[in-house]
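Letter by letter, the chains look like this.
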Amino acid sequence: QVQVVESGGGLVQPGGSLRLSCVASGTQISIYNMGWYRQAPGKQRELVATITDARTTNYADFVKGRFTISRDNAKNTVTLQMNSLKHEDTAVYFCNLHRAAPWREYWGQGTQVTVSS
């Protein structure tokens, strides 16, 4: 059974940094595209950043230049380094694994990030 667990969330002041980690078990992440999504209260879940199995990255415009996604297949881990955090980055952040053929998709339970002074 595949399990996805996020960690690293917390309370941080504006301008601060956090590093989120996502560890998968029950599968090898090397065959998956990985992503971070977030959902703020009253809003829909939105894409933050993705990294393909070939390590191609993609970022939402609102995090470009501030967030960095990376993966370590040997550790079955994907990381989101978040710098220059803003109030509007406050949300629950979710880790996602997906592959197209055959279709597989897994989500973690999320980790809360709160940016507040």
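Residues numbered from 1 in each chain as written. Predicted model: local features only at pLDDT ≥ 70, side-chain atom pairs only at ≥ 80, totals over all residues. Heavy atoms only, no water.

Trainee: Would you take a moment to explain the pattern of salt bridges for this structure?
Mentor: Between side chains of opposite charge, pairing is possible as soon as their charged atoms come close. Applying the stated criterion across every chain, the model contains 4 salt bridges. Note that lysine 64 is salt-bridged to aspartate 61, the shortest N-O span being 3.2 Å. Aspartate 61 carries the same exposure label as lysine 64, and that label is exposed. Here arginine 66 ties to aspartate 89 by a salt bridge, and the two come within 2.7 Å at their closest N and O atoms. Taken together, the positions of arginine 66 in the loop between strand 6 (57–59) and strand 7 (67–72) and aspartate 89 in the loop between strand 8 (77–82) and strand 9 (91–99) put the pair 23 residues apart, joining distant regions of the chain. Through salt bridges with shared partners, a single ionic network connects Arg38, Glu46, Arg66 and Asp89. (Salt bridge = Lys/Arg side-chain N within 4 Å of Asp/Glu carboxyl O. Buried < 20%, exposed > 50% of the residue type's maximum accessible area, 1.4 Å probe, protein only. Helix = DSSP H or I, 4+ residues; strand = E, 2+ residues; numbered from the N terminus.)

Trainee: Can you walk me through the pairing of strand 11 (residues 111–115) in this structure?
Mentor: Sheet faces and side chains relate simply in a regular strand, where the side chains alternate between the two faces. Every second residue of strand 11 is oriented toward a common face, the buried set being Thr111, Val113 and Val115 and the non-buried set Gln112 and Thr114. Relative to strand 11, strand 2 (residues 10–12) is paired through 3 bridges, and the arrangement is parallel. Paired with valine 12 across the two strands is valine 115, which belongs to strand 11. Sheet topology note: the strand 9/strand 11 ladder contains 3 bridges and is antiparallel. The residue of strand 11 that forms the bridge with valine 92 is glutamine 112. (Pairing = 2+ DSSP bridges.)

Trainee: Explanation requested: the state of the cysteines in the structure shown.
Mentor: Between two cysteines, a covalent bond joining their sulfur atoms is known as a disulfide. A full pass over the atoms with the stated rule returns 1 disulfide. Paired through a disulfide, cysteine 22 and cysteine 95 show a sulfur-sulfur distance of 2.1 Å. Handedness of the cysteine 22-cysteine 95 disulfide follows from its S-S torsion of about -80°: it is left-handed. With cysteine 22 in strand 3 (residues 18–25) and cysteine 95 in strand 9, this pair connects stretches of sequence that are 73 residues apart. Note on cysteine 95: relative accessible area 0%, which makes it buried. (Disulfide = S-S within 2.5 Å.)

Trainee: So what exactly am I meant to see when it comes to the side chain of aspartate 89 here?
Mentor: On the basis of relative accessible area, aspartate 89 is assigned to the buried category, the value being 0%. Engagement of the side chain of aspartate 89 in a polar contact is seen with the side chain of arginine 66, the distance being 2.7 Å. Within polar-contact distance, the side chain of aspartate 89 engages the backbone nitrogen of lysine 86 at 2.8 Å. The contact partners of aspartate 89, leaving out residues within four places of it in the chain, are Arg38, Arg66, Phe67, Ser84, Val113 and Val115. (Polar contact = N/O pair within 3.5 Å; in protein donor to acceptor, adjacent residues only side chain to side chain. Contact = heavy atoms within 4.5 Å.)

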